[in-house]
Amino acid sequence: MQTPITEMFGVEFPIFAFTHCRDVVVAVSKAGGLGVLGAVAHSDESLEVDLQWIKDELGDRPFGVDLIVPAKYAGDQDGGLSLSDVAAMIPAEHQDFLQDLLERYDVPQGDQDTPGWATRSETAPFSASRADQQLEIALAHQPALIVNALGPPPASMISRCHQEGVKVGALAGTKVHAERNVNAGVDFIIAQGAEAGGHTGEIGTMVLIPEIVDAVAPIPVLGAGGIGRGRQMAAAMALGAAGIWCGSVWLTTDEAETHPVVKQKMLKATSADTERSRSLTGKPARMLSTAWSEEWARPDTPDPLGMPLQPILTNQAQQRINRAAHHEGSGAENLATYFVGQIVGSMNKAKPAGQVVMDIIEEFIEATESLARQLDV
Ligand SMILES: Cc1cc2nc3c(=O)[nH]c(=O)nc-3n(C[C@H](O)[C@H](O)[C@H](O)COP(=O)(O)O)c2cc1C
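Residues numbered from 1 in each chain as written. Predicted model: local features only at pLDDT ≥ 70, side-chain atom pairs only at ≥ 80, totals over all residues. Heavy atoms only, no water.

## Observations concerning the sheet that holds strand 11 (residues 285-288)
Logical step 1: Strand order in the open sheet made by the three strands is 7-11-10, with antiparallel pairing throughout. With one partner strand each, in any of the chains shown, strand 7 (198-199) and strand 10 (274-277) form the two edges of the open sheet.
Logical step 2: Looking at chain direction, strand 10 and strand 11 are connected through four bridges and run antiparallel. Bridging across to strand 11, Thr-274 finds its partner in Leu-288. (Pairing = 2+ DSSP bridges. Helix = DSSP H or I, 4+ residues; strand = E, 2+ residues; numbered from the N terminus.)

## Section: the domain arrangement of the chain
Logical step 1: Parsing the chain into structural domains produces domain 1 (1-80 + 123-250) and domain 2 (81-122 + 258-346).
Logical step 2: On a C-alpha basis, the centres of domain 1 and domain 2 stand 25 Å from each other. (Domains from an automatic or database assignment.)

## Quick word on the pattern of salt bridges
Logical step 1: Summed over the entire model, instances satisfying the criterion amount to twelve salt bridges.
Logical step 2: Note that Arg-276 is salt-bridged to Glu-202, the shortest N-O span being 3.6 Å. Here Arg-276, found in strand 10, pairs with Glu-202, found in the loop between strand 7 and helix 9 (205-216); they are 74 residues apart in sequence, far enough to count as distant.
Logical step 3: Given a relative accessible area of 31%, Arg-276 falls into the partly exposed group.
Logical step 4: Bridged by salt links that share partners, the residues Asp-100, Arg-104, Glu-295, Arg-298 and Asp-300 form one connected network. (Salt bridge = Lys/Arg side-chain N within 4 Å of Asp/Glu carboxyl O. Buried < 20%, exposed > 50% of the residue type's maximum accessible area, 1.4 Å probe, protein only.)

## A short note on the site of the ligand
Logical step 1: Not every one of the 19 residues close to the ligand is listed here, only the nearest: Asp-66, Gln-192, Gly-226, Gly-247 and Ser-248.
Logical step 2: One of the side-chain N or O atoms of Asp-66 is found 2.7 Å from an oxygen atom in the ligand.
Logical step 3: Within the backbone of Gly-225, one N or O atom sits 3.3 Å away from an oxygen atom of the ligand.
Logical step 4: Within the complex, the protein chains bury 96% of what would otherwise be the 600 Å² of accessible surface of the ligand.
Logical step 5: Within the residue set of the shell around the ligand, elements represented by two or more residues are strand 3 (64-68) and strand 9 (243-246).
Logical step 6: Looking at side-chain class alone, the shell around the ligand contains eleven nonpolar, seven polar and one charged residues. (Near = heavy atom within 4 Å. Polar contact = N/O pair within 3.5 Å; in protein donor to acceptor, adjacent residues only side chain to side chain. Areas by Shrake-Rupley, 256 points an atom, 1.4 Å probe, with all protein chains shown as cover. Nonpolar A, V, L, I, M, F, W, Y, C, P; charged D, E, K, R; others polar.)

## Looking at unusual backbone geometry
Logical step 1: Residue Pro-218 is bonded to the preceding Ala-217 through a cis peptide linkage, with omega at 10°.
Logical step 2: Looking at where Pro-218 falls in the secondary structure, it is placed in the loop between helix 9 and strand 8 (221-224).
Logical step 3: Note the cis peptide between Met-307 and Pro-308, where omega equals 10°.
Logical step 4: Within the secondary structure layout, Pro-308 lies in the loop between helix 12 (291-297) and helix 13 (309-324).
Logical step 5: Its identity as a non-glycine residue notwithstanding, Asp-106 has a phi of 55°, on the positive side.
Logical step 6: Locating Asp-106 in the fold gives a position in the loop between helix 5 (92-104) and helix 6 (128-139).

## Section: the sheet that holds strand 8
Logical step 1: With parallel pairing, eight strands are arranged side by side around a closed barrel as 1-2-3-4-5-6-8-9. Across this sheet, the average inter-strand angle for adjacent strands is 25°, counted without regard to direction.
Logical step 2: Contacting strand 5 (167-172) and strand 6 (188-192), helix 8 (residues 175-184) runs over the sheet at an angle of about 160° to strand 5. (Axes fitted to C-alpha atoms, helices over the stretch in contact; angles between N-to-C directions. Contact = heavy atoms within 4.5 Å.)

## Considering the layout of surface pockets
Logical step 1: The volume enclosed by the second largest pocket comes to roughly 290 Å³.
Logical step 2: Lining the second largest pocket are 16 residues, and of these Gly-228, Arg-229, Val-249, Ser-346 and Lys-351 lie nearest its centre.
Logical step 3: Ranked by residues supplied to the lining of the second largest pocket, first place goes to helix 15 (residues 353-373) with four residues.
Logical step 4: Residues of the lining of the second largest pocket, tallied by class, amount to five nonpolar, six polar and five charged. (1 Å grid on protein atoms, 1.4 Å probe; cavity = no way out; pocket = protein on both sides within 12 Å on 5 of 7 lines; lining within 4 Å. Points joined across faces, edges and corners; volume = space filled by probe spheres on them.)

## Remarks on the pairing of strand 6
Logical step 1: Counting buried residues along strand 6, five of its five residues qualify, which places the element largely inside the surrounding structure.
Logical step 2: Of the two faces of strand 6, both are covered, the one formed by Phe-188, Ile-190 and Gln-192 as well as the one formed by Ile-189 and Ala-191.
Logical step 3: Bridging between strand 5 and strand 6 involves four bridges; their strand directions are parallel. When the bridges of strand 6 are listed, Gly-169 appears paired with Phe-188.
Logical step 4: Taking the sense of rotation as the criterion, the β-α-β connection linking strand 5, helix 8 and strand 6 turns out right-handed.
Logical step 5: One ladder, built from four bridges, connects strand 6 with strand 8; its direction is parallel. Counted as the bridge partner of Ile-189 is Val-221 from strand 8. (Right-handed = clockwise from strand over helix to strand, strands pointing away.)

## A few points about the state of the cysteines
Logical step 1: Taken as a whole and assessed by the stated rule, the structure comprises zero disulfides.
Logical step 2: Of all cysteine sulfurs, the one in Cys-246 lies closest to Cys-21, which takes part in no disulfide; the gap is 15 Å.
Logical step 3: Looking at Cys-21, the relative accessible area reads 9%, which means it is buried. (Disulfide = S-S within 2.5 Å.)

## Structural notes on the nonpolar core
Logical step 1: In this structure, Ile-15, Leu-51, Ile-146, Ile-212 and Trp-250 are the most contacted members of the largest nonpolar core, which totals 95 residues.
Logical step 2: Broken down by element, this core gets its largest block of residues, seven residues, from helix 15.
Logical step 3: The two domains that each donate at least three residues to this core are domain 1 (1-80 + 123-250) and domain 2 (81-122 + 258-346).
Logical step 4: Excluding residues that lie within four positions of it along the chain, Leu-51 makes contacts with Leu-37, Phe-63, Val-65, Ile-137, Ala-138 and His-141.
Logical step 5: In terms of nonpolar packing, the next biggest core, distinct from the first, is built from 18 residues, Phe-9, Phe-16, Ala-149 and Ile-190 among them. (Core = buried A, V, L, I, M, F, W, Y, C linked by side-chain atoms within 4.5 Å.)

Spelled out as structure tokens, the structure:
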């Protein structure tokens, strides 16, 4: 294929895989797409190890790294607060509610609780200073691109990447976000509609892609949100996208390290089984609807805190839930959830990630050929 994005990155297919699993990154890049490792939950050490492994597996094939520096952040705009400063801001009411929730669902105390990803580093999660450390580790492994979510990448991130010849992308959920990102100097935009898994806005992909494409031309745009098959790719490209960026569809692949109980829930879920909830990160993020999101949404329970307080509050509870969720019919199993988009309704069979790429391309070709035939008279 040939689009401004395949030319920018020298890939066969303009299919990007956002994933936290290094095996998915490698499988997608080897299949001709481009795997992007989500680094937010990685420690510095594990990021170093995973990127080195990816580099060794892929050689000269491109891959990317995704960081999160939010535009709005509770505590300190510069993200300069330490973890303990931020943790001290969590109200007792929220701690009590969470403790009570775990007791009501019989989630056992973890005596070997290790700090979760949000509380592992002395630097608070989702902060600019945290992402700076990760950026330097990423750049040392020569990624083809760095992507930032939840706001325009800071000027220092863009200039460091450009110094190293690395392209910078950013997610946008509205036309205004996309324009802000372009003014900050990004090389491409990911237009992510409300159907998406993870942090997401309220505008649907169908409306968002052409709005952003027109607003930022000639900067290339990847379509995202609810794209997991070839017909959806064809639609995104028809709307003006130069490629697609998928996150949910990899979660049920053979390579994904999704919790087995959650993977089963995803394989069974319909497209109506997700919701936007602030219960995991403090910002609206689409996830599987389970007892966890329902409990936080009840009118008599406290509102989730902002970012990064909510992930610091809930991170260890999530670990306890995931550890106990293996027991069928347990309270923990009912609570277990994860980020996923509405495309979950079509994710009905586990398959290798490279096969997902091939299936998307095959259906994309069928769809575009079928459309072209409609013009034959
Ligand atoms: C499990 C999960 C975690 C995500 N975490 C991030 C993240 O850390 N950074 C980011 O830029 N996007 C994140 N996203 C959003 C993806 O990058 C992508 O835009 C989105 O998944 C596209 O929509 P889809 O889920 O319908 O494929 C996440 C998505 C999922 C499903």
